[in-house]
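Next come the chains, spelled out residue by residue.
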Amino acid sequence: MAQLPPGIRFITSFSRDQWYRAFIFSLTFLLYASFHLSRKPISIVKGELHKHCAASHEVEVDSYKEYAAQIQPVKKPFNASQCGWEPFDKSNYKQLLGALDYSFLCAYAVGMYLSGLIGERLPIRYYLTGGMLASGLFTAMFGLGYFYNVHNLWFYIMAQIANGLVQTTGWPSVVTCIGNWFGKGRRGLIMGVWNSHTSVGNILGSLIAAYWVSTCWGLSFVVPGVIVAVMGVVCFLFLIEHPKDVSCSCTPSSHGREPNISTEFVVSSKTFLNGASRCRIQMPALNAKENGKPQDPEMQHLLTDSENCSMSLSSSTVATGEGRHGTSAISFLGALRIPGVVEFSLCLLFAKLVSYTFLFWLPLYITNVEHLDAKRAGDLSTLFDVGGIFGGILAGLISDRLEKRASTCGMMLLLAAPTLYMFSAVSKMGLEATVVMLLISGALVNGPYALITTAVSADLGTHKSLKGNARALSTVTAIIDGTGSVGAALGPLLAGLISPSGWNNVFYMLMVADACALLLLLRLIQKELQCHADHTLFKEH
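Computed from a predicted structure; not experimentally measured.

**Thoughts on the overall build of the protein chain**
Okay, so step 1: Each helix and strand counted, the protein chain has 19 helices and four strands in total.
Okay, so step 2: Counting across all 541 residues of the protein chain, residues that qualify as buried make up 55%.
Okay, so step 3: Partitioning the intrachain contacts of the protein chain with sequence separation of at least 6 by distance along the chain shows that 84% fall at a separation of at least 24.
Okay, so step 4: About 23500 Å² of surface is accessible on the protein chain, with carbon and sulfur atoms providing 66% of the total.

Right, here's the structure in full:
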């Protein structure tokens, strides 16, 4: 018999379940990357909506010819002034641009709390598809204002509000889906890699918007809107909500080996993000063949609801629910009572405040400080998201190894505050220094944000008290990300109000926000470290 080709051997080396998981991982990655792709254009177009026209008559002829040669000749839209696009060509342009950011993010924050509750009660595929089609429509609607010469501020604000509301369908849906397909093993690393879709979407959105920003900024919105709508159709055609829908096992296999479950009493102790340690004694179990079917990771409790590290037989039993279709949806207050939800939600509020301030205002800051045009500033701002990719993966890797989610977030927040101060000082020294600080700042700012919105949300959404109710993950995720979105709305708004007094004051505001995020985690960090010390003492005796 002839030897199989290397490519076929590679394909057959993976099981059917593994291929399905890889497919869902990639599909949800692309779906949410398209959401972020459609959010980025507004930050790139800001430099075109308002131009620094005060010194336009002083531009040298050579500089003007060089600039004119770089752009394609296009017909100037009616009523477009030399200072930008009316009504953003006035002296209060920063407040007006801030209002655009605030309208989107405030609608997103309010809608997120409702989205999780609605998402639990509807099929994920239909819910996500409808949200993506609507998001594509409203993203393109903003750009149509360019082609139809719309200069009414409320038109753009209403487009932002509508887009913010429908985009809330995305995050609870994709996190619930990825949580259904992947268990707790190496969750921090897997979620860290998967969460890079945020930065990938921002980078692609920046590049697409920057391509047309100087010639026809309306296409900077229309093209991303079309992409989101197309991905909505892909979602409808291919998204599989749960492994049971295609008869896949719920627990990822480990190199095809069956677990050998011992009949001995096993003592295990692991510290997790709510500050409590899961010091438990596992009851004798039958081997995998006698047990009949693998254990669903949704049934495994990752966090204890106890406030100490005591060992008890009662905490060892795995709570079983009524199944995916038989469990009732969790209430809003019930989700808030899960240990760690409130602390991490408030921490994310301040962490997301910092991240989204960079997301919406970084290109304009680079334009003002480095004196670059909108396209080059947009391209340069993508380096912040490149750093964010590495930051999210690093945070997940460290938290998996240390088994301390809160401590990992706290460590990165502690380093982020002085890094932001250095960024504000070093970025004025030249382009090379700005590039380095963008990468470092992106890693430290987005690391905690990525960890909380993914691995932490998935951990809390599969808490023991939920009794295996996988449908609760959508509500828990929505509460955490919804609270964080309040900070995402406040950050750009405050930046718009503070920036007229100087960009240094904006960076001071961001440093205070990082300090507040760290303070909110201190109790959980203390419990993690205390439980680790207690576990070390237990092993010595």
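So much for the structure itself; the text now carries on.
**So, the environment of Asn504**
Okay, so step 1: Locating Asn504 in the fold gives a position in helix α19 (residues 503-540).
Okay, so step 2: Through-space distance from the C-alpha of Asn504 to that of Ser424 is 6.5 Å; in sequence the pair is 80 residues apart.
Okay, so step 3: In this view, Asn504 contacts Ser424 and Lys428; residues no more than four positions away in its chain are not counted.

**Comments concerning the nonpolar core**
Okay, so step 1: Among the nonpolar cores identified, the biggest contains 111 residues, and Trp217 and Phe358 are the most heavily contacted of them.
Okay, so step 2: Setting aside residues no more than four positions away along its own chain, Trp217 makes contact with Val45, Glu48, Leu49, Trp85, Phe142, Gly143, Tyr146, Tyr156 and Trp212.

**Focus on the pattern of salt bridges**
Okay, so step 1: Under the defined criterion, the tally for this structure stands at five salt bridges.
Okay, so step 2: We note a salt bridge from Lys46 to Asp101, for which the minimum N-O separation is 2.5 Å. Here Lys46 is found in helix α3 (residues 41-49), whereas its partner Asp101 is found in helix α5 (residues 93-120), with 55 residues between them in sequence. Side by side, Lys46 and Asp101 carry an identical accessibility label, which is buried.
Okay, so step 3: Across the pair Lys90 and Asp89 runs a salt bridge whose closest N-O atoms are separated by 3.0 Å.
Okay, so step 4: By relative accessible area, Lys90 is classed as partly exposed at 39%.
Okay, so step 5: Judged by its relative accessible area of 15%, Asp89 is buried.

Here is what the cut-offs are and how they apply
Residues numbered from 1 in each chain as written. Predicted model: local features only at pLDDT ≥ 70, side-chain atom pairs only at ≥ 80, totals over all residues. Heavy atoms only, no water. Helix = DSSP H or I, 4+ residues; strand = E, 2+ residues; numbered from the N terminus. Buried < 20%, exposed > 50% of the residue type's maximum accessible area, 1.4 Å probe, protein only. Contact = heavy atoms within 4.5 Å. Areas by Shrake-Rupley, 256 points an atom, 1.4 Å probe, with all protein chains shown as cover. Core = buried A, V, L, I, M, F, W, Y, C linked by side-chain atoms within 4.5 Å. Salt bridge = Lys/Arg side-chain N within 4 Å of Asp/Glu carboxyl O.

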